[in-house]
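Secondary and tertiary structure notes
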Protein chains: 4
Amino acid sequence: MEDAGIWLRELITPYDVYLHGASEILLWRRTEFQEICIVQTEAFGKKLFLDGIVQSSEADEFIYHEALVQPAMLTAGMPRRVLVLGGGEGACLREVLRWDTVTEAVMIDIDAEVVSACRAHLPEWSQGAFHDPRVQLLHTDAVQYLEHVREPFDVIISDMTDPVEDGPSTFCFTREYFRRVQAALGDHGVFALQAGPLSPPEISLHAKVLRTMELEFGHVQAYPCNAAVYGRPLGFAVASRTPIHARLDPERTAPVLDAHVRGPLRYIDAHVARGLMATPPFVRAAIDASDVVYTDAVPPRTAHAAGWEAGA
Amino acid sequence: MEDAGIWLRELITPYDVYLHGASEILLWRRTEFQEICIVQTEAFGKKLFLDGIVQSSEADEFIYHEALVQPAMLTAGMPRRVLVLGGGEGACLREVLRWDTVTEAVMIDIDAEVVSACRAHLPEWSQGAFHDPRVQLLHTDAVQYLEHVREPFDVIISDMTDPVEDGPSTFCFTREYFRRVQAALGDHGVFALQAGPLSPPEISLHAKVLRTMELEFGHVQAYPCNAAVYGRPLGFAVASRTPIHARLDPERTAPVLDAHVRGPLRYIDAHVARGLMATPPFVRAAIDASDVVYTDAVPPRTAHAAGWEAGA
Amino acid sequence: MEDAGIWLRELITPYDVYLHGASEILLWRRTEFQEICIVQTEAFGKKLFLDGIVQSSEADEFIYHEALVQPAMLTAGMPRRVLVLGGGEGACLREVLRWDTVTEAVMIDIDAEVVSACRAHLPEWSQGAFHDPRVQLLHTDAVQYLEHVREPFDVIISDMTDPVEDGPSTFCFTREYFRRVQAALGDHGVFALQAGPLSPPEISLHAKVLRTMELEFGHVQAYPCNAAVYGRPLGFAVASRTPIHARLDPERTAPVLDAHVRGPLRYIDAHVARGLMATPPFVRAAIDASDVVYTDAVPPRTAHAAGWEAGA
Amino acid sequence: MEDAGIWLRELITPYDVYLHGASEILLWRRTEFQEICIVQTEAFGKKLFLDGIVQSSEADEFIYHEALVQPAMLTAGMPRRVLVLGGGEGACLREVLRWDTVTEAVMIDIDAEVVSACRAHLPEWSQGAFHDPRVQLLHTDAVQYLEHVREPFDVIISDMTDPVEDGPSTFCFTREYFRRVQAALGDHGVFALQAGPLSPPEISLHAKVLRTMELEFGHVQAYPCNAAVYGRPLGFAVASRTPIHARLDPERTAPVLDAHVRGPLRYIDAHVARGLMATPPFVRAAIDASDVVYTDAVPPRTAHAAGWEAGA
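Computed from a predicted structure; not experimentally measured.

Here we come to the overall build of chain A. In terms of regular secondary structure, chain A is built from 10 helices and 13 strands. Over its C-alpha atoms chain A spans a radius of gyration of 18 Å, differing by no more than 12% from the 20 Å that the globule rule assigns to 312 residues. Each of the three principal axes of chain A carries a C-alpha extent, and together these read 50 × 45 × 35 Å. Classification of the 312 residues of chain A by burial places 62% in the buried group. Considering only intrachain contacts with a sequence separation of at least 6, the fraction spanning at least 24 residues in chain A is 69%.

Written out as structure tokens, the structure reads:
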């Protein structure tokens with residue numbers, strides 16, 4: 001709290017606070033669904049906040065978005081049809097479109113104001129993705145869209161805000177949601193999602209989400225996102241009906257990346273992708289110890305701090 | 001900043017602040033070398049601060065200490081003599097002593113008050129390590145100790161505080177220091193150290209330290225520490241005079257861990273160890289782009305925020 | 001949040017926070033009744049906190065304590081017997097003992113550990129008061145003590161912590177408490193107390209306390225305490241069964257101060273004392289508009305922020 | 001730091017921080033002269049910040065503006081021509097226009113964008129003042145305007161931002177400025193200004209400003225502003241070439257207020273006005289001990305925290 005006058009406070013836990021100092025407020029607006037704030041910072045460049053929770057920063061969004069998208073794409077093999085749920089910044093879309101195998105990329109974001117704010121203020125994120133002719137952008141509810149998918153997708157990416165109570169993503173971490181995703185993928189498609197913080201005091205939400213996913217997908221692989229702006233590691237996951245372990249052997253993936261993915265990738269290469277998939281024992285233990293399954297009747301209920309549940 | 005009245009503020013950058021809320025102050029003392037503060041927190045258990053910088057927390061010190069010690073030990077093969085520089089909590093020592101191959105573990109910490117405070121208040125960290133008959137504990141200056149090493153060590157771990165200006169570790173990140181470490185290792189020994197934050201806006205210090213190390217060791221491998229309590233990833237490194245790439249093949253390391261290392265390890269296993277060693281392209285690029293070498297004449301000079309240099 | 005690493009956070013309201021930066025923690029302890037913290041600061045010297053709420057600072061405690069004690073003493077005329085309830089720092093006692101008319105000064109503080117901590121760490125506050133032969137110090141409950149007073153006091157000072165729920169002072173702002181105080185004073189004695197914040201968004205507690213006092217005393221005069229360390233003005237009050245308005249005419253009080261009060265006073269003189277007694281219209285209006293009376297059955301219930309009640 | 005996500009940080013001293021929690025950002029803009037931020041808060045209503053320093057809040061601006069304007073008006077007797085320097089909110093103007101004796105009110109604010117932002121977002125402050133036919137509003141430099149005043153004013157109010165280095169008010173606290181003000185007043189006019197914080201650790205700036213004023217005016221009366229939003233008392237002053245002490249006798253001022261001032265006033269009445277003028281001994285001592293005179297060559301130089309000078 002040194003050199004700025006405006007600070008966006010984010011609770012990591014109720015006892016661990018991250019203060020984001022802003023040098024300019026580029027946008028502050030309350031939409032139908034949430035509160036958007038885009039600020040300029042000195043160290044991380046621009047940062048996007050939704051409902052007070054940082055979504056990504058100019059300096060390290062590449063870590064978040066490459067790590068969320070590329071492992072699923074590599075797992076899928078030669079993905080053609082890809083669906084992005086959420087991801088208003090357009091950076092998931094950008095990562096998807098790197099693949100010359102992709103012929104269709106559908107993006108669903110319920111909040112048109114968020115998408116247009118990102119297009120206006122954060123063009124470094126999307127890098128022209130919204131103009132790619134392979135893209136179809138829809139502003140509708142992800143859950144409803146999933147129910148009407150006819151042709152299965154090869155990859156679905158769920159880049160939702162944290163499941164804060166009464167937030168727009170509350171029902172995007174439940175068994176019913178994962179069932180709809182699975183149905184939209186078919187037996188060979190691959191699903192990736194952001195699934196809450198991964199640090200030991202906060203791992204409970206992640207563990208429960210993964211336990212819930214396992215019931216629908218059978219094969220789920222937890223892995224970390226180590227972008228700095230979130231104040232601690234986040235947990236991602238890849239899931240499929242078909243076995244996914246060991247798919248990311250560099251001997252197989254390096255030639256694919258070379259042949260089909262327009263670079264440069266700054267965070268992921270074939271070795272980093274394999275490395276991410278090695279789940280630490282404490283993460284596996286937390287998932288195994290979790291006995292809660294989230295459903296639409298009992299969705300995640302977290303107030304401020306994403307994964308924090310006292311005594312959890 | 002929700003539920004606590006006492007907050008320890010740490011600058012990640014001058015514009016990114018981490019506030020650690022404490023429910024009790026277990027110890028606050030100014031020693032000859034630094035300021036110690038040990039607090040109880042709700043989410044991370046106990047936390048140790050030196051000169052206002054968090055060193056480790058009860059909840060995730062295992063991530064830090066396993067990641068700092070075990071890759072070097074695995075790289076070394078069958079380490080017998082190990083030197084720990086710094087590491088007042090005793091948790092590096094604990095990780096070293098897991099190995100039944102180790103016959104001597106020397107620990108050098110300049111500040112006897114820090115070590116005794118940790119022994120009194122943080123026994124969960126050392127878990128009896130200070131009572132192990134293989135251990136020799138000395139309170140002297142690391143630089144001076146290194147000059148008098150006769151028999152080479154197999155592994156040296158440098159677990160120093162950040163190189164804050166005028167702090168006790170200022171000269172533990174310079175070319176001269178690395179030369180002394182290298183001399184104390186011989187040609188086949190392995191060195192590991194904590195070397196500053198790894199996030200894109202702060203990577204400058206890490207990159208320069210690694211560039212400096214490369215001049216002395218020839219073979220240096222950067223890798224991340226993803227413990228949450230530091231508010232962003234830190235950068236560790238393993239270094240040796242002999243090539244270290246690819247040494248951590250799980251087919252070789254898994255049987256060694258099984259046979260010689262008393263567990264349970266909670267963060268490292270054979271696959272995680274290999275995974276950590278896959279350096280992301282942006283880290284390699286930052287090191288390659290760094291043209292500063294730290295020397296005793298021109299050591300790292302960072303004021304508050306560890307790796308932050310405006311405009312760097 | 002500039003130059004310190006340790007910050008004591010105090011809520012002025014849930015949306016207005018005062019952060020007290022500390023350069024040293026001189027004492028932190030949990031007693032039978034509350035949590036004590038004494039810190040060294042750069043701007044205000046030492047500060048005392050009880051249950052996370054600042055009590056006084058070395059730099060401006062003279063404003064608080066002169067303003068709390070001297071108007072009541074001046075109103076009383078030639079006070080001989082004085083009772084201080086609370087006031088663990090010993091500074092109320094110091095102000096009482098300035099008067100050569102005083103022959104007995106009784107101080108009641110329930111928490112012996114607070115008093116001994118203040119004597120050890122904050123001698124600048126008491127300035128030897130505890131050694132004055134006129135003083136009797138008792139560690140008992142104020143409410144119980146009041147029930148056993150036989151000879152009436154000329155002045156009673158209530159220097160309690162804010163009525164935080166479940167705190168030791170919860171029942172020191174109720175009608176029953178004021179009745180006991182009134183009984184211990186007789187018809188001509190004068191009562192003074194600290195009664196919560198005075199700023200417009202927080203005036204509700206003060207207004208209700210004063211309304212409650214009026215029922216017992218008949219004559220109550222609200223006045224402000226403008227010490228800086230509390231982050232906003234506090235409200236004090238003087239009360240008596242006999243009319244107190246206009247008693248503080250400088251033509252009467254200046255000679256009394258000269259003749260009977262050992263100086264130097266740094267905040268109060270005869271003109272300042274009269275000036276304080278001029279209640280601003282918004283304060284009078286708030287008291288008049290208040291229709292709640294605190295009783296032992298329904299005492300003040302404030303959680304963190306002293307006088308804050310949403311929507312009040 | 002409880003219930004808001006956006007916090008405006010203000011340094012009271014470098015070791016005492018006030019965090020203003022905002023529920024909405026109504027305006028953020030960088031003008032030619034300064035940075036404007038208008039926010040909605042829960043406890044204080046709307047707040048205006050210029051260059052990160054709170055100017056006034058909806059909940060207690062009446063305390064600030066009545067206290068700044070009315071004592072000077074009462075001292076002047078029957079003021080007709082009044083000049084307001086600064087005061088972009090329009091609330092000084094509102095207080096001036098309460099007087100039916102006033103025939104001309106000139107307001108000079110260098111920053112037209114601030115004035116129009118306040119007119120748009122803070123109409124509760126000006127309450128129609130800008131539409132009063134007695135008002136002349138000019139956007140020019142106060143110093144330059146003063147040089148061209150021909151007919152003397154009865155009252156001049158200087159409601160400038162704090163003299164932050166390189167801010168627009170740097171030269172509005174110097175001997176040359178006060179000389180120009182004095183020339184624009186004539187021998188019987190009265191000057192009032194906001195002159196920095198009044199708390200003991202910060203009183204140095206106020207003391208020096210008042211010492212500087214005394215050289216030009218001869219008669220200067222320091223008095224406090226006890227609005228809460230500034231986190232500590234501010235220091236105001238009234239100055240004139242003719243003696244001003246004792247002018248505010250309620251027997252004289254109460255009938256004037258009744259006859260000529262359209263109410264209701266919520267903070268000032270005849271008794272409060274006299275009471276404010278009673279300067280506490282520590283304030284008088286600080287002014288007397290001050291030996292610095294601010295000049296255009298050596299103006300106040302404070303960086304962040306208004307009156308703070310280490311070791312002062």
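All names here are of chain C. If you walk across this open sheet you meet the 7 strands as S9-S8-S7-S10-S11-S13-S12, and the pairing is mixed. Because the sheet does not close on itself, it has two edges, and the strands there are strand S9 (135-138) and strand S12 (219-225). Shown here is a sheet whose adjacent strand axes are inclined to one another by a mean of 20 degrees, direction ignored. Relative to S9, strand S8 (residues 104-108) runs parallel, the two being bridged by 4 bridges. Looking at the pairing, Val106 lines up with Gln136 of S9. Along the sheet, helix H1 (residues 61-76) makes contact with strand S10 (155-159), strand S11 (190-197), S12 and strand S13 (234-240), crossing S11 at roughly 150 degrees.

Taken together, the contact pairs 10 residues of chain B with 9 residues of chain C. Broken down by secondary-structure element, the contributors of at least two residues to the side of chain B that touches chain C are strand S1 (6-13) and strand S3 (24-30) of chain B. Residues that form the side of chain B that touches chain C fall into these classes: 7 nonpolar, 2 polar and 1 charged. For S1(B) and strand S1 (residues 6-13) of chain C, the ladder comprises 3 bridges, and the chain directions are antiparallel. Residue pairing for S1(C): Ile6(B) is matched across the bridge by Leu8(C).

Residues and elements named next belong to chain C. Of all 8 residues in S1, 8 are buried, a share of seventy percent or more. Here S1 pairs with strand S2 (residues 16-22) via 7 bridges, running antiparallel. From the neighbouring strand, Ile6 faces S2, where its bridge partner is Ala22. As consecutive antiparallel partners, S1 and S2 are separated by 2 residues.

Here the focus is the relation of the copies chain B and chain C. Here two copies of a chain appear, and what relates them is a rotation about an axis with a shift along it. With an axial shift of 0.0 Å and an RMSD of 0.0 Å, the rotation relating chain B to chain C amounts to 180 degrees. Both chain copies can therefore be described as sitting about a two-fold axis. It is Trp7(B) whose C-alpha, among those of chain B, lies nearest the rotation axis, at 2.5 Å. A symmetric contact is evident, with 90% of the interface residues of chain B recurring at the interface of chain C.

Residue and element names in this part refer to chain C. Look at helix H6 (residues 175-185) against helix H7 (residues 203-217): their axes get within 9 Å of each other, and the N-to-C directions meet at 40 degrees. Judged by the angle between their axes, H6 and H7 are oblique. For the pair H6 and H7, the sense of crossing is right-handed. Each of Arg175, Phe178, Arg179 and Gln182 in H6 lies in contact with H7, whose residues at this interface are Thr212, Met213, Leu215, Glu216 and Phe217. Tallied by class, residues from the contact of H6 with H7 come to 4 nonpolar, 2 polar and 3 charged.

Residues and elements named next belong to chain A. With domains assigned, chain A is organised as domain 1 (6-57) and domain 2 (61-289). Here the C-alpha centre of domain 2 lies 22 Å away from the C-alpha centre of domain 1. Listed by partner, the interface residues are 23 residues for domain 1 and 23 residues for domain 2. Residue contributions to the side of domain 1 that touches domain 2 peak at 5 residues, all from strand S6 (residues 53-57). When its residues are assigned to classes, the side of domain 1 that touches domain 2 shows 12 nonpolar, 6 polar and 5 charged.

Conventions we followed
- Residues numbered from 1 in each chain as written.
- Chains lettered and ligands numbered in written order.
- Predicted model: local features only at pLDDT ≥ 70, side-chain atom pairs only at ≥ 80, totals over all residues.
- Helix = DSSP H or I, 4+ residues; strand = E, 2+ residues; numbered from the N terminus.
- Rg over C-alpha atoms; globule rule 2.2 N^0.38 Å.
- Buried ≥ 20, exposed ≤ 12 C-beta atoms within 10 Å, placed from the backbone.
- Contact = placed C-beta atoms within 7 Å.
- Pairing = 2+ DSSP bridges.
- Axes fitted to C-alpha atoms, helices over the stretch in contact; angles between N-to-C directions.
- Nonpolar A, V, L, I, M, F, W, Y, C, P; charged D, E, K, R; others polar.
- Least-squares fit on C-alpha atoms with pLDDT ≥ 70 in both.
- Parallel < 35°, antiparallel > 145°, perpendicular 65-115°, else oblique.
- Left-handed = near helix turned anticlockwise from the far one by under 90°.
- Domains from an automatic or database assignment.

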